[in-house]
Amino acid sequence: MAMRIDGKAIAADIRREIAAEVTELKKKGITPGLAVILVGEDPASCTYVRNKTKACDEVGFYARQINMPADTTQEELLAQVEALNADPTIHGILCQLPLPRHLDDKAVIAAISPDKDVDAFHAQNVGHIMIGDHRFLPCTPAGVMELIHRAGVSVEGKHCVVIGRSNIVGKPMGMLLLHENGTVTICHSRTKDLAAVCRQADILVAAVGKAKFVTADMVKPGATVIDVGMNRDENGKLCGDVDFDAVEPLCEAITPVPGGVGPMTIAMLLKNTLTAAKGE
Ligand code: NAP
């Protein structure tokens, strides 16, 4: 029987650790502040933003949600980012993606001060991650590493296969596993014989965005399987990229969806904001 890695419980532990640090920081007159910019009213984005500000409230952060209309211009959005860059009560800034199509997300990310870039999307922070000298780690891959650590799984010398090469998940995920001495293969839509590559994985991370994409024939018995996917199944129920029922019996350890990677992403956002507030 596979060990189910309980992301919900681990994230709750991390939030408690953060809340305790916030209590101490407040005694020194510092309240970590996070600003979240939401452009438009995409329902999924509204939910993500609400969850982030709620999590801030729970650990004692100051959270400021900035709602901008869907027809906001690039200039207006950049001016808002600049105002937050200059605001001493704000230690972390994030702009919820995706933005409406007429806005340039790369320019917005580049405008956020690297010191307040708690999503770790700014090219300067990406470069720091690449050379292993980071201040912030991107929230989802950092959350995956925490799950791996707290589940007692060692990465060193393991063959780690990541499915997906996005800038926010797949690529940095591969880099973090490499930093811990994993032997890393990053797969994508042009990978030949994906199932055979995945079957070599001691640690398999799925970040594809397709429901039940990873089937039992793609998993080596005894592997650790981390499911980053957040999809809806045919009944509209939240599910991951892994066919959980078929894959679980094969694994040493596996993350469920929901209750695996998802809660960790917000916990890592809080951790980055705390780091920024501490000026570390
Ligand atoms: P993305 O930007 O759409 O990237 C998907 C990746 O999967 C791409 O690199 C793509 O390859 C690859 N892919 C697609 N079809 C494939 C196939 N048939 N075989 C092999 N590779 C294939 O998605 P993302 O932003 O990385 O997110 C991935 C999933 O994680 C989504 O379900 C998303 O909702 C979820 N997510 C969850 C969290 C969380 O907090 N739990 C956070 C972020 C994302 P190409 O590059 O060749 O197109």
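Residues numbered from 1 in each chain as written. Predicted model: local features only at pLDDT ≥ 70, side-chain atom pairs only at ≥ 80, totals over all residues. Heavy atoms only, no water.

Notes on the site of the ligand
To be explicit about the condition: It suffices for a single heavy atom of a residue to lie within 4 Å of a molecule or strand for the residue to be listed as near it. Counting of polar contacts relies on pairs of N or O atoms within 3.5 Å, with two restrictions inside protein: one atom must be capable of donating a hydrogen and the other of accepting it, and residues adjacent in sequence are counted only when both atoms are side-chain atoms. A 1.4 Å probe and the Shrake-Rupley method give the accessible areas. Residues count as covered only by the protein chains that appear here. Strands here mean DSSP runs of E at least two residues long; helices mean DSSP runs of H or I at least four residues long; both are numbered from the N terminus. In this classification, Asp, Glu, Lys and Arg are treated as charged, Ala, Val, Leu, Ile, Met, Phe, Trp, Tyr, Cys and Pro as nonpolar, and every other residue, Gly included, as polar.
Among the 22 residues in the neighbourhood of the ligand, the closest are listed as Arg165, Ser166, Ser189, Met230 and Thr265. Separating an oxygen atom of the ligand from a side-chain N or O atom of Ser166 is a distance of 2.5 Å. One nitrogen or oxygen atom from the main chain of Val228 is found 3.4 Å from a nitrogen atom belonging to the ligand. Coverage of the ligand by the protein amounts to 72% of the 930 Å² it exposes when considered alone. With three residues, helix 10 (residues 261-278) is the largest single contributor of residues to the shell around the ligand. Across the shell around the ligand, the residue classes tally to ten nonpolar, ten polar and two charged.

Observations regarding the domain arrangement of the protein
Inclusion rule: An automatic or database domain assignment supplies the start and end points of every domain.
Parsing the protein into structural domains produces domain 1 (32-113) and domain 2 (139-262). For domain 1 versus domain 2, the separation of C-alpha centres amounts to 29 Å.

Digging into the environment of Leu238
Note the threshold: Residue exposure (1.4 Å probe, protein chains only): buried if accessible area is under 20% of the type maximum, exposed if over 50%, otherwise partly exposed. Only heavy atoms matter for contacts: two residues are in contact if any of them lie within 4.5 Å across the pair.
Take Leu238: it is sitting in strand 10 (residues 238-239). According to the relative accessible area criterion, Leu238 is partly exposed, its value standing at 28%. Other than its neighbours up to four places away in sequence, Leu238 contacts Met230, Asn231, Arg232, Val257 and Pro258.

Quick word on the pattern of salt bridges
Cut-off, in case you're wondering: What makes a salt bridge here is a side-chain nitrogen of Lys or Arg within 4 Å of a carboxyl oxygen of Asp or Glu, nothing more.
Applying the stated rule across the entire model yields twelve salt bridges. A salt bridge links Glu248 to Arg4; the nearest nitrogen and oxygen atoms lie 2.9 Å apart. With a gap of 244 residues between them, Glu248 in the loop between helix 9 (244-247) and strand 11 (253-254) and Arg4 in strand 1 (residues 3-4) connect regions that are remote in the sequence. A residue is classified by how much of its surface remains accessible, and Glu248, at 8% relative accessible area, is buried.

Some details on the sheet that holds strand 11
Quick note on the threshold: At least two DSSP bridges between two strands are required for those strands to pair.
A sheet is described by the order of its strands in space; here six strands give the open sequence 1-11-8-7-5-6, paired in parallel fashion. Bordering the open sheet on either side are strand 1 and strand 6 (183-187), each of which pairs with just one other strand. The pairing of strand 8 (residues 224-227) with strand 11 spans two bridges and is classified as parallel. Paired with Val225 across the bridge in strand 11 is Ile254.

Here's the deal with the nonpolar core
For the record, the criterion: Take the buried residues of types Ala, Val, Leu, Ile, Met, Phe, Trp, Tyr and Cys, join any two whose side-chain atoms come within 4.5 Å, and each joined set is a nonpolar core.
Formed by 53 residues in total, the largest nonpolar core has its most connected members in Ile18, Phe61, Ile148, Leu177, Val205 and Leu270. Residue assignment for this core shows that the elements contributing at least two residues are helix 1 (7-27), strand 2 (33-39), helix 2 (43-59), helix 6 (139-150), strand 5 (159-163), helix 7 (170-179), strand 7 (203-206) and helix 10. Take this core: its biggest share by element is ten residues, from helix 10. If you count residues domain by domain, this core takes at least three from each of domain 1 (32-113) and domain 2 (139-262). Apart from the residues lying within four places of it in its own chain, the contact partners of Phe61 are Ile18, Val22, Thr31, Pro32, Cys56, Leu270, Thr273 and Leu274. Ala195, Ala206, Met218 and Val225 belong to the second-largest nonpolar core, a separate cluster that totals 21 residues.

Overview of the confidence of the model for the protein
Put simply, the rule is: The predictor's confidence in any single residue is recorded as pLDDT, a number from 0 to 100.
Averaged over all residues, the pLDDT of the protein equals 97, while 100% of them reach at least 70. Within the protein, strand 9 (residues 231-232) has the poorest average pLDDT of any element, 94, and strand 5 the best, 99.

Brief notes about the sheet that holds strand 2
Definition in use: In this analysis, axes come from line fits to C-alpha atoms, helices being fitted only over the stretch in contact, and the angle between any two N-to-C directions falls in the range 0 to 180 degrees.
Across the sheet, which stays open at both edges, the three strands sit in the order 3-2-4 with parallel pairing between neighbours. Of all strands in the sheet, those bounded by a partner on one side alone are strand 3 (62-68) and strand 4 (92-95). Taking each pair of neighbouring strands and ignoring which way they run, the sheet shows an average axis angle of 15°. Pairing of strand 2 with strand 4, which is carried by four bridges, proceeds in the parallel orientation. Directly across from Ala35, in strand 4, lies its bridge partner Ile93.

Thoughts on the pairing of strand 8
Both faces of strand 8 are covered, namely the face carrying Thr224 and Ile226 and the face carrying Val225 and Asp227. As paired strands, strand 7 and strand 8 are joined by four bridges and run parallel to one another. Opposite Val205, over in strand 8, you have Ile226 as the bridge partner.

With respect to the side chain of Thr275
Counting through the fold element by element, Thr275 comes out in helix 10. When sequence neighbours within four positions are dropped, the list of residues in contact with Thr275 reads Arg135, Phe136 and Glu280.

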